[in-house]
Amino acid sequence: EKRENTDDTEIARGLISKALELDPSRSRLRLALARHYIGQGQQEQALGQMRVAFTETPTDWPVTQNYLALLLGSGETSEANDVKQSLLNGFSDEPIAVTLAAVTEHRLGETDQAQSRLKKQIEASPDNLMALIALASVYEDQEQTTEAARTLRKAAALRPDNSDLLLKAGRLYAMNHDLE
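Residues numbered from 1 in each chain as written. Predicted model: local features only at pLDDT ≥ 70, side-chain atom pairs only at ≥ 80, totals over all residues. Heavy atoms only, no water.

### As for the side chain of His 106
Selection rule: Helix numbering and strand numbering both begin at the N terminus, where a helix is a DSSP run of H or I of at least 4 residues and a strand a DSSP run of E of at least 2. Type-normalised accessible area, obtained with a 1.4 Å probe on protein chains alone, sets the label of each residue: buried when under 20%, exposed when over 50%, and partly exposed for intermediate values. It only takes one pair of heavy atoms within 4.5 Å for two residues to be counted as in contact.
Position of His 106 among the secondary structure elements: in helix H6 (residues 95-107). Given a relative accessible area of 13%, His 106 falls into the buried group. Once residues within four sequence positions are removed from consideration, His 106 is found in contact with Thr 111, Ala 114, Ser 137, Val 138 and Asp 141.

### Considering the packing of aromatic side chains
Heads up, the condition is: Each aromatic pair joins two rings of Phe, Tyr and Trp (for Trp, the six-membered one) with centres within 6.5 Å, and gets the label stacked for planes under 30 degrees apart, edge-to-face for over 60, and tilted for any other angle.
This structure, assessed with the given rule, holds two aromatic pairs. When the ring of Phe 54 is compared with that of Tyr 67, the centres are 5.4 Å apart and the planes differ by 35 degrees; the resulting orientation is tilted. Of this pair, Phe 54 sits in helix H3 (residues 43-56) while Tyr 67 is found in helix H4 (residues 61-73), placing the two residues 13 residues apart along the sequence. When the centroid spacing of 5.7 Å and the interplanar angle of 85 degrees are considered together, the rings of Trp 61 and Phe 91 count as edge-to-face. Separated by 30 residues along the polypeptide, Trp 61 in helix H4 and Phe 91 in the loop between helix H5 (77-90) and H6 bring together distant segments of the chain. Trp 61 gets classed as buried once you look at its relative accessible area, which sits at 13%.

### Details of helix H7 (residues 111-124)
Quick note on the threshold: Between the first and last residue of a helix there are one fewer steps than residues, each counted as 1.5 Å, and that sum is the expected span.
In a regular helix each residue adds 1.5 Å, so 14 residues correspond to 20 Å; H7 covers 20 Å between its end C-alpha atoms and thus fits that length. Among the structural elements, H5, H6 and helix H8 (129-141) are those in contact with the buried residues of H7.

### Focus: the environment of Gln 142
Its location among the elements puts Gln 142 in the loop between H8 and helix H9 (145-158). A relative accessible area of 27% means that Gln 142 is categorised as partly exposed. Sequence-wise, Gln 142 and Thr 111 are 31 residues apart; in three dimensions their C-alpha atoms are separated by 8.6 Å. Beyond its immediate stretch of four places on either side in the chain, Gln 142 contacts Thr 111, Asp 112 and Gln 115.

### Concerning the nonpolar core
Filter applied, for reference: Nonpolar cores are built from buried Ala, Val, Leu, Ile, Met, Phe, Trp, Tyr and Cys residues. Side-chain atoms within 4.5 Å join them into one set.
Membership of the largest hydrophobic core comes to 22 residues, with the highest contact counts inside it found for Met 50, Trp 61, Tyr 67, Leu 68, Leu 71, Val 83 and Leu 87. Not counting residues within four places of it along the chain, the set of residues in contact with Trp 61 comprises Leu 87, Phe 91, Glu 94, Ile 96, Ala 97 and Leu 100. Membership of the second largest hydrophobic core comes to 18 residues, among which are Ala 134, Leu 152, Ala 155 and Ala 169.

### Focus: the packing of helix H2 (residues 27-39) against H3
Applicable threshold: The convention used is that axes are lines fitted to C-alpha atoms, helices contributing only their stretch in contact, and that angles between N-to-C directions extend from 0 to 180 degrees. Comment on the angle field: the value is read as roughly parallel under 35 degrees, roughly antiparallel over 145, roughly perpendicular from 65 to 115, and oblique elsewhere.
Viewed as axis vectors pointing N to C, H2 and H3 meet at an angle of 170 degrees, and their least axial separation amounts to 8 Å. One element, H2, and the other, H3, form an angle in the roughly antiparallel class. Of the residues in H3, those in contact with Ser 27, Arg 30, Leu 31, Leu 33, Ala 34, Tyr 37 and Ile 38 of H2 are Gln 43, Gln 45, Ala 46, Gln 49, Met 50, Val 52 and Ala 53.

### Some words on the pattern of salt bridges
The following threshold applies: Any Lys or Arg side-chain nitrogen found within 4 Å of a carboxyl oxygen on Asp or Glu counts as a salt bridge.
All told, the structure shown has nine salt bridges when counted by the stated rule. Arg 171 is the partner of Glu 140 in a salt bridge, and the nearest nitrogen-oxygen pair spans 3.3 Å. Highlighted residues: Glu 140 in helix H8 and Arg 171 in helix H10 (residues 163-176), separated in sequence by 31 residues. Judged by its relative accessible area of 40%, Arg 171 falls in the partly exposed class.

So, in structure tokens, the structure goes:
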């Protein structure tokens, strides 16, 4: 059965590669191919696909988000910083671009800048779920668990169907309060 799965995976990779030959600008296909390469432990091939996808369509935000995560997870901090700068320089009017840049700053250790940028995003758009979750993560890393929990509760109010947000907020709250 493992051989069948491997064969199926290779067939899928071949079909995606063929589709990209016909239309190289399909960034979501490049993302799928990159995920295949990651699953095979082929980080450089995955990065190559993501670089092309980002260059072709930098405003395909899921692709950009995955590209940044791959760069940061691979230790490619200089390239991640370059992508962050291109987002801020080219798409500063796009809340998701600025939020992705702030998340990158946080992961690069630029916590104060990330926190400031995220607060501005939330001030401008209080329903920016991604920015709220990212800010809560910054607070948590700074051991500001009360602020993290408060921010997650705001996020949970926007997405009452997402119980994980409430559970995490409750866990953070419990860390600082005796619940007996």
